[in-house]
Amino acid sequence: MNPRIKGAQINVKSQIKQEIVLDYQSFNFTPQVIQITFTTEENPTMTRLSVPLPFTLNKYMVWRSYDITGYKQNWKRAKPNMVKIGYRNINAKFIKSPSDLNRFFDSSLVDVTPTLNPKRKTKYGSSFLLPDGQEYFIRLHLDSQRIKIMAAPTGNANKSRAEWAV
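Residues numbered from 1 in each chain as written. Predicted model: local features only at pLDDT ≥ 70, side-chain atom pairs only at ≥ 80, totals over all residues. Heavy atoms only, no water.

1. So, helix α1 (residues 68-78)
- Of all the residues in α1, the buried ones are Gly-70, Tyr-71, Asn-74, Trp-75 and Ala-78. The buried residues of α1 all sit within an arc of 125 degrees when viewed along its axis, so they share a single face. In α1, the exposed positions angled more than 90 degrees off the buried face are occupied by Gln-73, Lys-76 and Arg-77.
- Elements in contact with the buried residues of α1: β6 (110-111), β7 (122-129), β8 (135-142) and β9 (146-153). (Buried < 20%, exposed > 50% of the residue type's maximum accessible area, 1.4 Å probe, protein only. Helix = DSSP H or I, 4+ residues; strand = E, 2+ residues; numbered from the N terminus. Arc of directions from axis to C-beta. Contact = heavy atoms within 4.5 Å.)

As structure tokens, this is what we get:
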């Protein structure tokens, strides 16, 4: 169905699917919204619908690798600016073991689980750069069914961007 053709219609109890492919050429934190205008038989006046487009930062993240000592030193400096989300359930279809997480982080995770670990949580850390030139450190805590994610910006990095990253 071509939405520009006047009189185009969708039959009752049917649907159409319109795929929209976007390729962002630059880094932009401004939410992008498309406007869809339509009418229905029940409401012949034009109705406008605003649809925010999904946007994820992962396209722009450049992952960095650290050894455990380097990560811990940098995390300690960045930690006062930390943003965290509470525990979320782990989808067992994607993550069967803690080491499966590394595929989502370009193999840059470093295991920072302490030797003495009475709570039996696995802990990982990593960092990434965004096009704003700032480095962001992340920390992941996992138990058998849940994950907690924390992010900490460095330098003059925007704390809201760290919130968006987690």
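Having put the structure on the table, let's press on.
2. Topic: the environment of Thr-40
- Here Thr-40 is to be found in the loop between β1 (33-38) and β2 (47-52).
- Taking the C-alpha atoms as reference points, Thr-40 and Ile-10, separated by 30 residues in sequence, lie 9.5 Å from one another.

3. What to know about the side chain of Ser-126
- Mapping Ser-126 onto the fold places it in strand β7.
- One polar contact links Ser-126 to Ser-108, side chain to side chain, over a distance of 2.7 Å.
- The residues touching Ser-126, leaving out its near neighbours within four places in the chain, are Trp-63, Arg-64, Tyr-71, Ser-108, Leu-109, Tyr-136, Phe-137 and Ile-138. (Polar contact = N/O pair within 3.5 Å; in protein donor to acceptor, adjacent residues only side chain to side chain.)

4. Thoughts on a nonpolar patch on the surface
- On the surface, Ile-36, Phe-38 and Leu-49 cluster together to form a nonpolar patch covering roughly 230 Å² of accessible area.
- Tracing the backbone through its elements, the reader meets Leu-49 in strand β2. (Patch = residues over 30% accessible without salt bridge, like charges linked within 9 Å, V, L, I, M, F, W, Y side chains within 5 Å. Areas by Shrake-Rupley, 256 points an atom, 1.4 Å probe, with all protein chains shown as cover. Salt bridge = Lys/Arg side-chain N within 4 Å of Asp/Glu carboxyl O.)

5. Topic: the side chain of Asn-74
- Its place among the elements puts Asn-74 in helix α1.
- Side-chain polar atoms of Asn-74 contact the side chain of Arg-77, separated by 2.4 Å.

6. Details of the nonpolar core
- Of all hydrophobic cores here, the largest spans 17 residues; its most connected members are Leu-101, Phe-105, Phe-128, Leu-140 and Leu-142.
- Among the secondary structure elements, those contributing two or more residues to this core are β7, β8 and β9.
- Here this core takes four residues from β8, the largest share from any one element.
- In terms of nonpolar packing, the next biggest core, distinct from the first, is built from eight residues, Tyr-71, Ala-78, Val-110 and Met-150 among them. (Core = buried A, V, L, I, M, F, W, Y, C linked by side-chain atoms within 4.5 Å.)

In short, shape yes, function no, at least from these values alone.
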